[in-house]
Structure formats: C-alpha cells, structure tokens
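Here is how the chains run, residue by residue.
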Amino acid sequence: MTLRPLSSQSRVAAVVRAAGLGAVGEKIFNNIPLTLDDAVLIYQHPDLNAVGALANWKREQIHGDRAYFNVNQHINYTNICNKLCRFCAFQRLPGQSGAYVFTPEEAAAKIRATLDQPVTEVHMVAGIDPKLTYDYYLNLVRAVKAARPDIHVKAFTMVEIEQIHKISKKSLEEVFADLKQAGLGSLPGGGAEIFSERVRKLLFPLKIGADRWLEIARTAHRCGLKSNCTMLYGHIETKLEKAEHLLRLRELQTETGGFQTFIPLTFHPENTDIDELPASTAVNDLREIAVARLVLDNIPHIKSYWIQLGVSIAQTALCFGADDLDGTVKEERIYHDAGADTPQELDRDELIQIIRAAGRRPVERDTLYRVVRVESAGAESVH
Ligand code: V47
C-alpha cells in the first residue's frame with residue numbers, strides 16, 4: 001500500500017460543481033468562512049461524496065498526508081453523577097450498584113501499571129459527584145503526575161470545571177492557576193453536548209448551557225490552557241442546531257485560538273434513557289466529519305474517535321476531513337457502557353497499521369500536537 005495521491009483542486013472543483021455545490025466550493029478554495037446557510041446546505045446535500053471530497057481537499061491543504069495519533073490512557077475516576085443526562089449510560093447515583101470513585105492513589109496505580117508502555121497522555125474525565133472536595137481534584141492531578149512526571153494530564157470537561165469552581169469559592173482564574181500548579185496540562189472537549197437550549201431542556205437540563213460552557217473555555221484559553229471541543233449528535237437535534245453549534249465554536253476560536261481539536265461525538269443509545277432512538281449510520285458519521293472540517297476552518301484538527309465510530313468508519317473518515325484518530329485509549333467506560341462494541345484499546349502498532357492502510361502517513365503526536373515520531377508511509381497493507 002502506498003500513500004494515496006493528494007487530491008487536485010481542479011478535479012475536486014469539477015466534482016463539486018457537478019453536484020451543484022460550486023458556490024460552497026469557491027469559498028473553500030478561497031479560504032472564505034462558510035455561513036450558517038452554507039453549513040445547513042452541506043448537512044442536507046444528497047451528494048455525500050462531493051461534500052467529502054471537498055472536506056478531504058481542505059484537510060490535505062492543512063495536513064497533507066499526515067494522520068495523527070497518540071499513546072494515551074483514559075481514567076474515568078468516578079461514575080457518580082448528579083446531572084442525570086438522558087443520553088448517558090455511564091452515570092450512577094451514590095449507593096447504586098456499580099457506583100465507584102477512585103481515590104487519587106487508585107488513579108495513580110493505574111498510571112503506574114502502564115509505566116512499561118510509551119504513554120504520553122492521561123485523559124481523565126468523570127461524573128459530577130458533589131461529595132468530592134476541591135482538594136480531591138487537586139490531589140488527583142498531583143497523584144497521576146507524581147506517578148509519571150512526564151505525562152500530560154488532559155483532564156476535566158468544562159462541566160467538571162464548573163463544579164470544581166463552585167466548591168472552591170475562588171475565581172475561575174484562580175482555579176485554573178491551582179490546577180495548573182498541580183500538573184494539569186490541558187482540557188478535553190466534552191460536556192458541550194449540543195448548544196441548543198431546546199435540546200438542553202429536554203435531554204440535560206441540569207447541566208451548564210452553551211453560554212457557560214463557552215465562557216469557561218474562554219477563561220481556560222486566556223489562562224494559557226488549550227482545550228478541545230465536541231458536539232454530541234445523532235439524538236434529537238436538528239441540522240440547523242448542529243450548524244449553529246459549529247458556528248459558535250468557530251466564533252470563540254476566532255477570539256482565543258485555544259481549541260486544538262474538534263471531535264464530533266456520535267450518540268450511542270444502548271442502556272440510556274432514550275434507547276428507543278436509532279444508532280447513527282456510517283453515512284451520517286462521515287458527513288459530520290466532513291461538515292466539521294469545512295465549517296471549522298480555524299480549528300486545526302478534526303478527530304475521528306475510533307472508540308466511538310468503530311475502527312472502519314474512523315479510518316475512512318481520514319479521507320473525509322479527519323486528520324486524527326485519538327490514541328491507544330485503555331479502559332474507556334463512557335461509550336462501552338452505552339453499547340460500543342469497539343475494543344477497549346488498540347496498541348501503537350495497530351493504530352499505525354490502520355492509518356497506513358488508509359494511505360496516510362502515521363504521525364505520533366503529544367497532546368499539544370508536537371511530533372513525537374513520523375512513521376514511514378509506504379508500508380504493506382494489513383490485507
Ligand atoms: O460530554 C456521553 C459524550 C462525552 C454518550 O477531548 C456520549 O480529546 C455518545 O468528550 N453516546 C465525553 N456519546 C467524551 C469526550 C471526549 C472523547 C474523546 C476525546 C476527547 C478529547 C473528548 O461523551 C460527553 C458526552 O457528549 N457521551 N454519553 C453516549 N451514550
């Protein structure tokens with residue numbers, strides 16, 4: 001298997017024009033941001049291949065043939081949560097069977113258990129357990145950092161930050177300063193769900209809304225912390241609500257430049273309160289990746305999260321606008337509780353093979369997208 005040839009603008013322009021998307025194509029070729037109407041148009045346009053070809057062209061303009069991954073480890077330190085989101089299968093009430101909280105020492109033991117592996121990042125997110133103290137959160141970060149001092153701690157969604165802020169009785173800026181001093185390196189992108197107030201009232205009324213999520217992200221970025229951002233799709237949201245969500249993220253990015261990666265999160269209905277909803281399809285998942293790449297022109301990376309999408313769709317997404325597969329992961333709980341049948345982890349070599357088989361060049365990165373190692377591209381196919 002050799003690298004796939006990078007797509008030529010004239011060929012993509014012809015495909016896009018033939019599909020009736022010439023005006024959107026012209027904007028993309030000339031680096032003009034898409035409007036809300038453009039975003040809705042590419043969400044509903046029947047020719048997914050044309051939308052995907054355009055997104056792939058944009059992706060190759062930014063990243064060439066590179067596809068990023070990292071070697072990481074997940075720790076979901078508690079599943080106790082008082083937010084009762086209807087889309088979540090991971091949450092437990094205190095005392096409910098299966099409820100757990102890791103002590104900082106137990107979390108550190110999980111880090112020590114992988115010291116023989118080249119892990120560079122721990123991704124640590126969890127439910128909101130009101131019993132946890134401010135010191136618990138700081139000690140959690142300190143403990144994992146002490147267990148592996150060179151590890152990058154990417155932890156706490158904006159929803160967890162809201163809780164940590166609430167119990168701290170300090171300003172958000174002071175909270176971020178304390179967390180940074182404890183060893184926090186950056187923030188993941190979760191908890192944004194969908195910015196529509198209509199959907200929030202129906203599915204996650206106890207969680208912070210769009211304005212607060214964006215305000216916390218703004219403050220984090222101003223305090224020197226990079227973050228990711230996400231959107232949960234495939235439940236009851238409309239195309240317009242998704243387009244509005246993307247534009248609000250793009251607007252904040254123009255202001256702060258603090259988002260590294262956008263991750264479209266496909267809804268897994270199993271074991272949730274809304275399990276009557278159908279699961280997403282490959283066609284929908286690939287379209288989300290493509291629309292994100294085209295609309296979020298100022299966010300450098302689009303992640304196809306293999307844990308959620310499955311390896312085959314995540315790999316295909318590398319030719320529909322995505323440039324990052326996430327990492328090796330390990331002990332993922334949130335999607336596996338919601339019925340994901342993907343493996344709990346892939347090793348470094350498996351990720352490299354998956355990327356090579358897509359005709360891309362594997363690049364191991366750290367959390368801040370500094371290159372750890374560029375792998376050779378023209379390897380033999382896995383088949
Ligand atoms: O905010 C919860 C979502 C998110 C379900 O920043 C569900 O690199 C689907 O944000 N079906 C947490 N999704 C995970 C997350 C994430 C994942 C990977 C990488 C990064 C990153 C961030 O998971 C939650 C919520 O939107 N979620 N339940 C479910 N049943």
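Described in the following lines is the structure provided in the data block.

### With respect to the sheet that holds strand β4 (residues 152-155)
Strand order across the open sheet formed by 4 strands is β2-β3-β4-β5, with parallel pairing between neighbours. This sheet does not close on itself; its edge strands, each paired only once, are β2 (72-75) and β5 (184-186). Mean inter-strand twist for the sheet, computed between neighbouring axes without regard to direction, equals 40°.

### A look at the nonpolar core
Grouped together as the largest cluster of nonpolar side chains are 125 residues, with contacts concentrated most on Tyr77, Phe156, Trp213 and Phe262. What phenylalanine 156 contacts, discounting residues up to four positions off in sequence, is Tyr77, Met124, Val125, Tyr137, Leu140, Val141, Ile161, Ile164, Leu179, Leu184, Leu187 and Pro188.

### As for the pairing of strand β10 (residues 361-365)
Extensive coverage of β10 is indicated by the burial of 4 of its 5 residues. Inspection of the sheet shows strand β1 (residues 66-70) paired to β10 by 4 bridges, in the parallel sense. For alanine 67, the partnering residue across the bridge sits in β10 and is proline 362. Relative to strand β11 (residues 371-374), β10 runs antiparallel, the two being bridged by 3 bridges. The partner of arginine 365 across the bridge, within β11, is valine 371.

### Points about unusual backbone geometry
Positive phi, normally seen in glycine, also occurs at asparagine 271, with a value near 65°. Topologically, asparagine 271 is positioned in the loop between β7 (259-266) and α12 (282-295). The class of asparagine 271 is exposed, set by a relative accessible area of 53%. With phi around 55°, valine 329 is a residue other than glycine that occupies positive phi space. Examined against the element boundaries, valine 329 turns out to sit in the loop between β9 (324-327) and α15 (334-337). What makes valine 329 buried here is its relative accessible area of 1%.

### Side note on the packing of aromatic side chains
Scanning the entire structure with this criterion turns up 11 aromatic pairs. Ring centres of phenylalanine 87 and phenylalanine 204 lie 5.9 Å apart, and the angle between their planes is 75°; on these two criteria the pair is classed as edge-to-face. Taken together, the positions of phenylalanine 87 in the loop between β2 and α5 (104-112) and phenylalanine 204 in the loop between α9 (197-203) and α10 (210-222) put the pair 117 residues apart, joining distant regions of the chain. Of the residues examined, phenylalanine 87 reaches a relative accessible area of 13% and is grouped as buried. The exposure class assigned to phenylalanine 204 is buried, which follows from its relative accessible area of 2%. Between phenylalanine 195 and tryptophan 213, the aromatic rings sit 5.7 Å apart at their centres with planes inclined by 55°, giving tilted as the arrangement. With phenylalanine 195 in the loop between β5 and α9 and tryptophan 213 in helix α10, the pair connects residues that are 18 residues apart, well separated along the chain. Given the relative accessible area of 0%, tryptophan 213 is considered buried. Counting every residue linked through ring pairs, the aromatic cluster contains Tyr77, Tyr136, Tyr137 and Phe156.

### Let's talk about the site of the ligand
The full set close to the ligand counts 25 residues, and Lys154, Gly191, Glu193, Lys303 and Tyr335 are the nearest of them. Within the contact set of the ligand, an oxygen atom lies 2.8 Å away from a backbone nitrogen or oxygen of glycine 189. Within the contact set of the ligand, a nitrogen atom lies 2.9 Å away from a backbone nitrogen or oxygen of histidine 268. Here the ligand has 620 Å² of accessible area as a free molecule, and 96% of this is covered by the chains.

### Describing helix α3 (residues 36-44)
Within α3 the residues assigned to the buried category are Asp38, Ala39, Val40, Ile42 and Tyr43. Looking at the buried positions of α3, the neighbouring elements they touch are α2 (22-29), α4 (48-63), β6 (227-233), α11 (239-256) and α12.

### Some details on α4
Residues lying three or four places apart along an α-helix face the same way, a consequence of the helix completing one turn every 3.6 residues. Look at α4: 22 Å from first C-alpha to last across 16 residues, which is about the 22 Å you get at 1.5 Å a residue. Counted residue by residue, α4 has 12 buried out of 16 residues, so it is predominantly covered. Among all positions in α4, only Leu48, Ala50, Val51, Gly52, Leu54, Ala55, Asn56, Trp57, Lys58, Arg59, Glu60 and His63 are buried. Turning to α4, the residues buried within the fold contact α1 (9-18), α2, α3, β1, α12 and β8 (301-302). For α4, the side-chain oxygen to backbone nitrogen distance between the N-cap and asparagine 49 is 3.2 Å, and the N-cap itself is aspartate 47.

Conventions we followed
Residues numbered from 1 in each chain as written. Predicted model: local features only at pLDDT ≥ 70, side-chain atom pairs only at ≥ 80, totals over all residues. Heavy atoms only, no water. Pairing = 2+ DSSP bridges. Helix = DSSP H or I, 4+ residues; strand = E, 2+ residues; numbered from the N terminus. Axes fitted to C-alpha atoms, helices over the stretch in contact; angles between N-to-C directions. Core = buried A, V, L, I, M, F, W, Y, C linked by side-chain atoms within 4.5 Å. Buried < 20%, exposed > 50% of the residue type's maximum accessible area, 1.4 Å probe, protein only. Contact = heavy atoms within 4.5 Å. Phe/Tyr/Trp six-rings, centres within 6.5 Å; stacked < 30°, edge-to-face > 60°. Near = heavy atom within 4 Å. Polar contact = N/O pair within 3.5 Å; in protein donor to acceptor, adjacent residues only side chain to side chain. Areas by Shrake-Rupley, 256 points an atom, 1.4 Å probe, with all protein chains shown as cover. Expected span 1.5 Å × (residues − 1).

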